[in-house]
Amino acid sequence: MRTSSNPAETPGQSAADRAYRLTKELVLSGELPGGHLFSETEIAGRLGLSRTPVREAFVRLQAEELLILVPKRGAIVAPVPPGEAEDVLDAREAVETAAVRRLLRAPERVPAAIGRLRAALAVQRGHAETGDLAAFAEADELFHRTLVEAGGNALLTRFYTGLADRQRRMNVAALGPVPDLIPVVLRQHEELVAVIESGDAAAFTTALRTHLDGTHRR
């Protein structure tokens, strides 16, 4: 699997925002792995910028706990803290299970939710076929977020969206070394959709735990 790190440009975007988006994408995609030391000059050179907006971007990313600034040297990509992955998995399991239970209490909303989930799964399958690990990891987060949004709880959706960056890093870390897991993830996503369509909340809880255990708790 190759990785991609070329986020789309946004018209009118400031230099600091460009540096922020590129650097963040390099970290989340795994191109800059945890513990890697790099300089402001490297990012400035890639974008044709001065170091000042890059420095601003680094400060923002340090506030998001993605970088550790090193005076006169640059920044280190912050490794995932011990225990954080398990915390994220526990939170995901609780939120996704609650979202599906709520969705299934309103069966008239299930067909539309299934349509959105199948569309998200098709996007993810396409990235698997092209071998783009970074895009696959991003699409994986989108699939699960679509599931949460289907529950219709705005508070849970906002909380879950806050986990997106951590999810992408965890997906790249889990799937990059074991590309054979890619088709397994897709098959399990298909199973999750089928279980939701069947209306069996208990079966969804079991299937979700199996999915998270197999991908991240190996």
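Refer to the preceding data block for the structure.
Here's a quick rundown of the structure. Source: prediction; values computed, not measured.

Rules behind the numbers
Residues numbered from 1 in each chain as written. Predicted model: local features only at pLDDT ≥ 70, side-chain atom pairs only at ≥ 80, totals over all residues. Heavy atoms only, no water. Salt bridge = Lys/Arg side-chain N within 4 Å of Asp/Glu carboxyl O. Helix = DSSP H or I, 4+ residues; strand = E, 2+ residues; numbered from the N terminus. Buried < 20%, exposed > 50% of the residue type's maximum accessible area, 1.4 Å probe, protein only. Axes fitted to C-alpha atoms, helices over the stretch in contact; angles between N-to-C directions. Parallel < 35°, antiparallel > 145°, perpendicular 65-115°, else oblique. Left-handed = near helix turned anticlockwise from the far one by under 90°. Contact = heavy atoms within 4.5 Å. Phe/Tyr/Trp six-rings, centres within 6.5 Å; stacked < 30°, edge-to-face > 60°. Lys NZ or Arg CZ within 6 Å of the ring centre and 35° of its normal.

## A word on the pattern of salt bridges
If charged atoms from side chains of opposite charge come close, those side chains can pair.
Here is step 1: In this structure the tally under the stated criterion is 20 salt bridges.
Here is step 2: R60 is the salt-bridge partner of D17, the closest N and O atoms lying 2.7 Å from each other. Separated by 43 residues along the polypeptide, D17 in helix α1 (residues 15-28) and R60 in helix α3 (residues 51-63) bring together distant segments of the chain.
Here is step 3: We classify D17 as partly exposed; its relative accessible area is 29%.
Here is step 4: Residues R55 and E40 are paired through a salt bridge, measuring 3.3 Å at the closest nitrogen-oxygen approach. You can see R55 sitting in helix α3 and its partner E40 sitting in helix α2 (residues 40-47), a full 15 residues away along the chain.
Here is step 5: Salt bridges linked by common partners bring E86, D90, E93, R209, D213 and R217 together as one network.

## A short note on the packing of helix α4 (residues 84-104) against helix α6 (residues 133-150)
Packed helices, taken two at a time, are described by their axes: the angle between them and the distance between them.
Here is step 1: Close contact between α4 and α6 brings their axes to 7 Å; oriented N to C, the two are set at 45 degrees. In terms of axis orientation, α4 runs oblique to α6. Judged by the twist between their axes, the crossing of α4 over α6 is left-handed. In contact with R92, V95, E96, A99, V100 and L103 of α4, α6 contributes H144, L147, V148 and A150.

## Quick notes on the packing of aromatic side chains
Aromatic ring pairs are reported here in terms of the distance separating the ring centres and the angle at which the planes meet.
Here is step 1: All told, the structure shown has one aromatic pair when counted by the stated rule.
Here is step 2: Ring geometry for F38 against F58: centres 5.2 Å apart, planes inclined by 70 degrees, an arrangement best described as edge-to-face. Note that F38 is positioned in strand β1 (residues 37-38) and F58 in helix α3, a separation of 20 residues in sequence.
Here is step 3: Here the guanidinium or amino end of R60 rests over the ring plane of Y20, the centre of that ring lying 3.7 Å away.

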